Amino acid sequence: MSRIATRFAQLKAEGRGALVTFLTGFDPDRATSLQILQGLPAAGADVIEIGVPFTDPMADGPSIQRAGQRGLKAGATVAGVLDLVLALRATEQDTPVVLMGYYNPILAHGVARFCADAAAAGVDGLIIVDVPPEEADEVEPHARAHGLDLIRLIAPTTDEARLPRVLGATTGFIYYVSITGITGTRSADYGSLAPSVAALKRHTDLPVAIGFGIRSPEQAAIAAGVADGAVVGTALVDTLAASLDAEGRATPRTVPAVLDQVRGLAQAIRAGRKQAA
Amino acid sequence: MSAPIHASGADAPATIGARPNSLRQGPDGRGRFGEFGGRFVAETLMPLILEVERAYEAAKTDAAFQAEWRRLLTHYVGRPSPLWFAERLTAHLRKAAPEGMGAKVYFKRDELNHTGAHKINAVLGQILLAKKMGKTRIIAETGAGQHGVATATACALMDLPCIVYMGATDVERQQPNVFRMKLLGAEVRPVTSGAATLKDAMNEGLRDWVANVHDTYYCIGTVAGPHPYPQMVRDFQSVIGEEAREQMLAAEGRLPDVLVAAVGGGSNAMGLFYPFLDDADVAMIGVEAAGKGLDTPEHAAALSRGRPGVLHGNRTYLLQDGDGQITEAHSISAGLDYPGVGPEHSWLHEIGRVQYVGATDDEALAAFQLCSRQEGIIPALEPAHALAHVMKLAPTLPQDRIVLMNLCGRGDKDIFTVARHLGEAI
């Protein structure tokens, strides 16, 4: 079983949802980024999502756009982010790592080579934001050959007619986008989450993680309660950004500030447990 | 004139190396021209662009829709735009040409359109489509401001709220158009992310659309973006080439020998070229902005100096670094300052049907001034790039050859930029 499947199965047995954390690779520099990543499992992150910086992140809000710019300024490349994962794997074997990014840097690296290198570095899954199922044919064989899950976003706009096609192209887990919008710009409507997830679950046995509008421990606990996981990204990126100095460099507060917030989120999810199976 | 109908299905053609019988059948069912194009968008947008595609397919064969668009083109835009034999310019270029050389130069005068450029052709089609789809809010991106002005104009006419995303850098260098858009009732939102130019405005447009999918239509200004936009904008702009073809047959009794058009995203060029693609004797030249030179880092020549990648929903030639990060384009012309190009141009480039060349900022400035003095037409800086190439090309062709250039915009918006470059205060 893959790390992702193992992790979700294990949490299901524990009766709680996963905390999926998102941070951009190399934000604000490689060493700080690695230190945060290495601290995530102990702080309570169940799945680690790492953003691969891109100059034109069309699905991201201002916070993650700026994180990507900081990462690029710090020298982030596809190869560099893969190397970061390799360094993380030296100390962390069990926590799944998912890369989230845009297609062009992957194309530039070469799709086949990218999948091989990612798997070799210890990556478990990919979210390629701008590759919908309709365009995935040149990625799928390589991802499959290297045991990489292709995690797909399901949006509130994904209708019943389209759902089977998207689900059919998804492995690992489903990333349910709780808002129509870009990352970090709106708060999810928590009343509608449970029925939305229930509707999804009628079509799939894959775990469902909710993301895009989750900021607080309370929200994370609700999302992880109604689904199989909660993704928190922008809130962590904002904390990281707020800890930087005027020139955008890391300070002694940066690593603890992010990890403290992860601990708070993890505690809330663990305290919440699951109300319904 | 009948509406353009184009095949778009599994039978559509065009792989590199095996040229189809017709070059006018693309895109295929996946929205591809050869390997270029497609629908590389986030899942949130995917259902919406499929909806746009369905609506557009229906509109193509909807007689009432086509009639209304044609009515607007005739009575609101002022089409057909004239075909003008640039006699003084032709004579001027012959002076420096060898004996017997110096092709006849014609302009397709889309700068005479209402709002001053070709952009309005496709905007009216798209806004009619948006209304048909029941959308109540229009967004657009703009570089030079011509597409923004055209969209703001159509929205004023059709009583729709309009938001235009424009890079802060472009807001600065295209103040007259910013004010025009405001006068027309549009809200101009300066974009400060990235390089604050056209590509960043397009990113913001896509972000807005993702957040407002239910009521919003994104009116894209060029033959780029996810399918069906490259096809749809091309089809609407093809009115340029259809008219030019008839007008040239009437004027000269034959087709032109060479078509020349500026290429940023490439909508005016596609509009001129498309109806001639199957006329093997008609050569076509797309002129990219070479900025400070093709061999400097400061240009906007995606086809001449870029390589294929994926941006803004389509696979096409892009200016990018070795790691797939998009690099900044540079051109004196805000309308050409884009690191990509429409996917159909990428395909026409690869199969060799269209030749793509560059014209520098300085060459465009010289052409801008020459056109003003020789023809009494102040061109936009975008077609000034096309004219810069015509100035090189025409003297190398015999006098009985015909060069047809798309004069796709007027230069009112550019006089401040040009004055600054010429060191004059106005």
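Remember, predicted model here, so these are calculated numbers, not experimental data.

Asks: I'm lost on the overall build of chain A in this one. Help?
Replies: Across its full length, chain A carries 12 helices and 9 strands. Considered along the principal axes of its C-alpha atoms, chain A spans approximately 45 × 40 × 35 Å. Taking all 277 residues of chain A together, 56% fall into the buried category. Of the contacts made within chain A by residues no fewer than 6 positions apart, 75% connect residues no fewer than 24 positions apart.

Asks: Explanation requested: the overall build of chain B in the structure shown.
Replies: Secondary structure assignment for chain B yields 16 helices and 14 strands. By the compact-globule yardstick of 22 Å for 426 residues, chain B fits well, its C-alpha radius of gyration being 20 Å. In terms of principal-axis extent, the alpha carbons of chain B reach across some 65 × 55 × 50 Å. Within the span of chain B, comprising 426 residues, buried residues form 62% of the whole. The contacts in chain B between residues at least 6 apart in sequence include a share of 72% that link residues at least 24 apart.

Asks: I keep staring at unusual backbone geometry and nothing clicks. Help me out?
Replies: Across residues other than glycine, the phi torsion is negative in most instances, and most of the peptide bonds are trans. In this model, Asp-27 of chain A is joined to Pro-28 of chain A through a cis peptide bond whose omega is -5 degrees. The step from Arg-79 of chain B to Pro-80 of chain B runs through a cis peptide bond, and the omega angle for that step is -5 degrees. Note that Pro-80 of chain B resides in the loop between helix H2 (63-77) and strand S3 (83-85). The backbone of Thr-115 of chain B shows a phi angle near 80 degrees, a positive value even though the residue is not glycine.

Asks: What is the right way to read the sheet that holds strand S7 (residues 187-191) of chain B from this model?
Replies: Hydrogen bonding along the main chain pairs the strands of a sheet, whether they run parallel or antiparallel. Residues and elements named next belong to chain B. Strand order across the open sheet formed by 4 strands is S7-S6-S5-S8, with parallel pairing between neighbours. Across the chains shown, the open sheet's two edge strands, defined by having one partner strand only, are S7 and strand S8 (216-219). Mean inter-strand twist for the sheet, computed between neighbouring axes without regard to direction, equals 25 degrees. Examined bridge by bridge, strand S5 (residues 137-142) and strand S6 (residues 162-167) share 5 bridges and lie parallel to one another.

Asks: Explain the interface of chain B and chain A to me, please; I cannot follow it from the model alone.
Replies: Residue-level contacts link 29 residues of chain B with 35 residues of chain A. The leading source of residues in the side of chain B that touches chain A is helix H8 (residues 198-211) of chain B, at 6 residues.

Asks: Explain the packing of helix H14 (residues 361-375) of chain B against helix H15 (residues 381-393) of chain B here, please?
Replies: Packed helices, taken two at a time, are described by their axes: the angle between them and the distance between them. Residues and elements named next belong to chain B. Between H14 and H15, whose axes approach to 7 Å, the crossing angle comes to 90 degrees. Classified by the interaxial angle, the pair formed by H14 and H15 is roughly perpendicular. Facing Glu-363, Ala-364, Ala-366, Ala-367, Phe-368 and Cys-371 of H14, the residues of H15 in contact are Leu-381, Ala-384, His-385, Leu-387, Ala-388 and Met-391. Classifying every residue of the contact of H14 with H15 gives 10 nonpolar, 1 polar and 1 charged.

Asks: Please explain the environment of Ile-240 of chain B as it appears in this structure.
Replies: Inspection of the secondary structure assignment puts Ile-240 of chain B in helix H10 (residues 239-252). Contact partners of Ile-240 of chain B, with chain neighbours within four places excluded, come to Lys-108, Asp-110, His-118, Asn-268, Gly-271, Leu-272 and Asn-406 of chain B.

Asks: Hey, could you run me through the sheet that holds strand S1 (residues 18-24) of chain A in this one?
Replies: Residue and element names in this part refer to chain A. Ordered by their spatial adjacency, 9 strands build an open sheet running S5-S4-S3-S2-S1-S9-S8-S7-S6, and the pairing between neighbours is parallel. Edge positions in the sheet fall to strand S5 (149-150) and strand S6 (152-154), since each has one partner strand and no second. The pairing of strand S3 (residues 97-101) with strand S4 (residues 125-128) spans 4 bridges and is classified as parallel. Bridging from a neighbouring strand, Val-98 pairs with Gly-125 of S4. Along the sheet, helix H1 (residues 3-14) contacts S1, strand S2 (47-51), S4 and S5; its crossing angle with S1, the most-contacted strand, is approximately 140 degrees.

Asks: Where do I start with the packing of helix H3 (residues 87-95) of chain B against H14 of chain B in this structure?
Replies: Residues and elements named next belong to chain B. Running from N to C, H3 and H14 point in directions that differ by 115 degrees, and their axes come no closer than 8 Å. For the pair H3 and H14, the crossing hand works out as right-handed. Contact residues: H3 offers Arg-88, Leu-89 and His-92, while H14 offers Cys-371, Gln-374 and Glu-375. Its residues placed into classes, the contact of H3 with H14 shows 2 nonpolar, 2 polar and 2 charged.

Asks: How do you make sense of helix H5 (residues 146-158) of chain B when you look at a structure like this?
Replies: Residues and elements named next belong to chain B. Relative to the 18 Å expected for 13 residues at 1.5 Å per residue, H5 spans 18 Å between its end C-alpha atoms, a close match to the ideal helical length. The buried fraction of H5 amounts to 10 of the 13 residues, a majority that puts the element mostly inside the structure. Within H5, burial applies to Gln-146, His-147, Gly-148, Val-149, Ala-150, Thr-151, Ala-152, Thr-153, Ala-154 and Cys-155. Positive backbone phi, approximately 60 degrees, marks Asp-159, located one or two places after H5.

Asks: What is the right way to look at helix H1 (residues 46-60) of chain B in this model?
Replies: An α-helical turn contains 3.6 residues, so a residue and the one three or four places further along point in the same direction. Residue and element names in this part refer to chain B. The end-to-end C-alpha separation of H1 is 21 Å, in line with the 21 Å expected for 15 residues at 1.5 Å each. Among the residues of H1, Met-46, Leu-48, Ile-49, Val-52, Ala-55, Tyr-56 and Ala-59 are the ones counted as buried. Tucked inside the fold, the buried residues of H1 contact strand S2 (36-40), H2, helix H4 (119-132) and helix H9 (229-237).

Asks: How should I be thinking about the environment of Val-213 of chain B in this particular structure?
Replies: Here Val-213 of chain B shows up in the loop between H8 and S8. Every residue in contact with Val-213 of chain B, bar those within four places of it in the chain, is listed here: Thr-157 and Thr-180 of chain A together with Thr-44 and Leu-48 of chain B.

Asks: Is there a simple way to explain the environment of Leu-206 of chain B in this structure?
Replies: Note on placement: Leu-206 of chain B falls in helix H8. On the basis of neighbour counts, which here come to 28 C-beta atoms within 10 Å, the residue Leu-206 of chain B falls in the buried class.

Asks: I'm lost on the pairing of strand S14 (residues 402-406) of chain B in this one. Help?
Replies: Every other side chain in a regular strand lies on the same face of the sheet, so the side chains alternate between the two faces. Residues and elements named next belong to chain B. The element S14 is extensively covered by neighbouring structure, given that 5 of its 5 residues are classed as buried. On S14, burial covers both faces: Ile-402, Leu-404 and Asn-406 on one face and Val-403 and Met-405 on the other are all buried. Where strand S4 (residues 104-108) lies against S14, 5 bridges are found, and the strand directions are parallel. Considered in S14, the bridge of Val-105 is made with Val-403. Of the pairings in the sheet, the one linking strand S9 (residues 258-263) to S14 comprises 3 bridges and is parallel in character. Of the residues in S14, the one forming a bridge with Val-258 is Val-403.

Asks: Which parts of the structure should I look at to understand the confidence of the model for chain B?
Replies: Residue and element names in this part refer to chain B. When the pLDDT values of chain B are averaged, the result is 94; 95% of them are 70 or greater. Counting contacts from residues 1-15, a segment whose pLDDT is below 50, to residues more than four positions away or on other chains yields 30 contacts. With pTM at 0.94, the complex prediction returns an ipTM value of 0.94.

Conventions used here
- Residues numbered from 1 in each chain as written.
- Chains lettered and ligands numbered in written order.
- Predicted model: local features only at pLDDT ≥ 70, side-chain atom pairs only at ≥ 80, totals over all residues.
- Helix = DSSP H or I, 4+ residues; strand = E, 2+ residues; numbered from the N terminus.
- Buried ≥ 20, exposed ≤ 12 C-beta atoms within 10 Å, placed from the backbone.
- Contact = placed C-beta atoms within 7 Å.
- Rg over C-alpha atoms; globule rule 2.2 N^0.38 Å.
- Pairing = 2+ DSSP bridges.
- Axes fitted to C-alpha atoms, helices over the stretch in contact; angles between N-to-C directions.
- Parallel < 35°, antiparallel > 145°, perpendicular 65-115°, else oblique.
- Nonpolar A, V, L, I, M, F, W, Y, C, P; charged D, E, K, R; others polar.
- Left-handed = near helix turned anticlockwise from the far one by under 90°.
- Expected span 1.5 Å × (residues − 1).
- pLDDT = per-residue confidence, 0-100.

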